[in-house]
Structures are given as C-alpha cells and as structure tokens.
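# A closer look at the structure
Below are the chains, spelled out letter by letter.
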Amino acid sequence: MRKFVDLHLIVPIKNLAEFESFIRKASTLGYKMVGVPLPANIEKEKIEQLKSIAKNFNLDLVTRLNLKPESTGNLLKNLRRYRRKFEVISVRCLSKAVARQAAKDRRVDLLDFVENPRKRFFDKAEAELASNSLAALEVEAKQILISPFPRRIHLISRIRTEIKIALKYDIPVVFSSGADNLIYMRTPRDLAAFFSTLLDLSKEDALNFLSNVPKSLVERNRGKLSESFVAPGIRIVKRGSDC
Amino acid sequence: MKRLRRRYLAVKIDCKDEIDGKKVVDTVLSSTLKLFGQYGASKTGLTQIDYDEKKGVVILRCFHTALDMVRAAVCAVTEIDGKPVALHVIDVSGSIKTLKKRLSGRKLV
C-alpha cells in the first residue's frame, strides 16, 4: 500500500493545539508522513516534542528548513550551518543566480519557486545542473489554488513545461500541498487527480510524486544523518573490538 | 450502444460555517468550467444525487471517464458563497448502494 507524503505543511508550531489540529487533519486525510518547516534556531527538545505529537496520530514528522536566500553567498552559509540539523532543506529561488547555485549543490533537496510565472527559473540549464546533484523540483498545490484568474493559466502552463523538462532530465518531482491553513489541505488522491489532469501527467506518476519520490528523498537523507553514515555507499554496520 | 458507466462520489464539506448543500454541485460545476471550459464540463455528466446534512456529505454522480476531472474540480474549490471551504472526496464507487453501505461504516474526514 502506498504511503502518502505531504512534504510541505506550514504548521504553527508555537500553538500546540493548532499544530495538533493540522496533524490530526493530515492523518485523517490519509497521509503517513508530513514535512513541517521549522525555524532554523529550533531546539532538539522541541523537535522531539513535535515528533511525539505526530506519532500519536500515526504520522511521521519530517523536519524541514525553508531557505529564502537573497544571494548565493547567503545560501552557502546557511547550507553549511544547517544541513546536518534538518532532514529536508528546501530553497526558494528568488533570483536566477540563487536558483543555479541551489541546483548544483548536493546539499539542497528541494527547489521551490514563487507563484509568479515570470520569476520561476526552472529551465533546461537549471535542469542540467540539478540532474548532476540530488535536488528535486517541488510543486505546491496552494500556489495554483490561490492564483487569481489570468495568472493561474500562465502558472499551470509554466509548471507543465517545468515538469516536462524535469522528467526529460530525470529530476525527481515532488508534489505537496503547501497548506498554511486547513482549508488548503486535500486528500492525496484528490491532489493526484488535480495535478495529473492539469499537468498532463499519468495518474501513476502523480501518485508517485506524492508518495514514493518524497519518501525515498526523506529516507536517503535520514540515512545520511544517521551515525552509521560515512560517505555515499559506505556505512558502518558493526562497531566494537570483534570486527 | 455501449452502456455509460458512472461513478458515485461521496464529497465531504469541510467548513466552519453552515453551507447550503445544494450549492455544492453548482460550485463544483463552475470549478469544472473554470478549469476545463464548457466542452470539458459537458463531458463530466455531473449531477447531485443526495445530500446528508447531518454528516455534511454530498453524493455526486459523473461519467467514469471524467472522474479525475471532477476530482480535480472538487480539489480546486476553496470557497462557497464567500465562505472558505474545502471539499474532500472521501469515497468513490460504481453503484450508489455500495457507496452508501461503505459510508455507513466509516469514519468521515
């Protein structure tokens, strides 16, 4: 059975009651894993507390950091500082230079772009850089849902082109809700139908972008963050004097 | 002539305010129009079958070939009469009898 993942659920973490209502909703909608963006300076105890709340609802909480760097220098500085603290790092590319740097950096997991179709920098050059790293393209449902009439047309068209490019260059695509309000949360199968019909994708692909692709991304990162990880392909399987 | 196959969808209305259930089908239809145009909407065969006010569940019917279009249109609804709302397809079935049977024994969203 598929395990559905919503890698971008913008949940208020200060108010635990509200946090719980988001988590409960995600669980009843059929998700098994949710990615919650957290502040960079969050303490480990707080993360454990949030994870235990999510566990009560049979949800696996993924810690995520959303970076919005204004320059490439700023991006590199933040990646150096926070990469080992969070399971998923997403970069909202506000400029072409940042988009290019994020695409070629292996520490970036998700490439995220703004709603404005003119300021989405995912083109062939970006895809070629991203294909040599590990970054995936993230598409949020909320961006389409809240776009007003004429802009929505351009946005859907733009995202359709981006996905075609991404698939051509073997770049993983991740669909998420991007919901910051319960009103924007949808069941995974509704989201799959929404994306597959609007973006000319097969149902199977859309379902994979909501389940297997984000799940494998998180598992890969968790493996890297574990103590047994040494380098890609090398991990410690046993410690002690009898090795 | 080949018999038309249909699908029955149970749609849960998720809203803090009270919503007129009869307006759901109009909203979904206008959402279909916005997304797929008149030609697309004409292919869905969308009709409201039932509305359970207590549970806040509307049962819609469409052609099985247009199921994903209707699901996408349901997903795109964010307000009814200016009130923020989310619609969730909680179950789909090929017959109304099975759908009602399944709904009676499950926890709604």
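Residues numbered from 1 in each chain as written. Chains lettered and ligands numbered in written order. Predicted model: local features only at pLDDT ≥ 70, side-chain atom pairs only at ≥ 80, totals over all residues. Heavy atoms only, no water.

### Details of the pairing of strand β3 (residues 60-67) of chain A
Residue and element names in this part refer to chain A.
- A large share of β3 lies buried, amounting to six of its eight residues.
- One ladder, built from five bridges, connects strand β2 (residues 31-37) with β3; its direction is parallel. Looking at β3, one finds that V36 is bridged to T63.
- Sheet topology note: the β3/strand β4 (residues 88-92) ladder contains four bridges and is parallel. Bridge pairing in β4 places L65 opposite I89. (Buried < 20%, exposed > 50% of the residue type's maximum accessible area, 1.4 Å probe, protein only. Helix = DSSP H or I, 4+ residues; strand = E, 2+ residues; numbered from the N terminus. Pairing = 2+ DSSP bridges.)

### Some details on the packing of aromatic side chains
Residues and elements named next belong to chain A.
- A complete count under the given rule lists five aromatic pairs over all chains for this structure.
- Each ring, one from Y82 and one from F86, has its centre 6.5 Å from the other, and the planes form 70°; the classification is edge-to-face.
- Summarising the aromatic geometry, the rings of F175 and F209 are spaced 5.3 Å apart at their centres and angled 80° between planes, so their arrangement reads as edge-to-face. Taken together, the residues span a long stretch of sequence, with F175 in strand β7 (residues 173-176) and F209 in helix α9 (residues 203-210) at a distance of 34 residues. Considered together, F175 and F209 belong to a single accessibility category, that of buried residues.
- Following the ring pairs from residue to residue traces out a cluster consisting of F175, F194, F195 and F209. (Phe/Tyr/Trp six-rings, centres within 6.5 Å; stacked < 30°, edge-to-face > 60°.)

### A short note on the pattern of salt bridges
Residue and element names in this part refer to chain A.
- Under the criterion given, the structure shown has 24 salt bridges over all chains.
- Across the pair D109 and R83 runs a salt bridge whose closest N-O atoms are separated by 2.8 Å. In this pair, D109 is assigned in the loop between α4 (96-104) and β5 (110-112) and R83 in the loop between α3 (72-82) and β4, connecting sequence segments 26 residues apart.
- In the salt-bridge network here, residues are joined through shared partners; they are K51, D60, E87 and R222. (Salt bridge = Lys/Arg side-chain N within 4 Å of Asp/Glu carboxyl O.)

### Some thoughts on the sheet that holds β5(A)
Residues and elements named next belong to chain A.
- With parallel pairing, the seven strands of this open sheet are ordered in space as β1-β2-β3-β4-β5-β6-β7. The open sheet has two edge strands with one neighbour each: β1 (4-6) and β7. Neighbour to neighbour, the strand axes of the sheet diverge by 30° on average, direction disregarded.
- Bridging between β4 and β5 involves three bridges; their strand directions are parallel. Across the sheet, residue V91 finds its bridge partner in β5, namely L111.
- Sitting on the sheet, α3 is in contact with β3 and β4, with an inclination near 150° to β3. (Axes fitted to C-alpha atoms, helices over the stretch in contact; angles between N-to-C directions. Contact = heavy atoms within 4.5 Å.)

### Digging into the packing of helix α1 (residues 22-42) of chain B against helix α2 (residues 67-76) of chain B
Residue and element names in this part refer to chain B.
- Orientation of α1 relative to α2, taken along the N-to-C sense of each, is 135°, at an axis distance of 7 Å. On the basis of the axis angle, α1 is oblique to α2. In this structure, the crossing between α1 and α2 has a hand that is right-handed. Contacts from V28, S31, T32, L35, F36 and G40 in α1 reach M69, A72, A73, V74 and A76 in α2.
- Its residues assigned to classes, the contact of α1 with α2 comprises eight nonpolar, three polar and no charged. (Parallel < 35°, antiparallel > 145°, perpendicular 65-115°, else oblique. Left-handed = near helix turned anticlockwise from the far one by under 90°. Nonpolar A, V, L, I, M, F, W, Y, C, P; charged D, E, K, R; others polar.)

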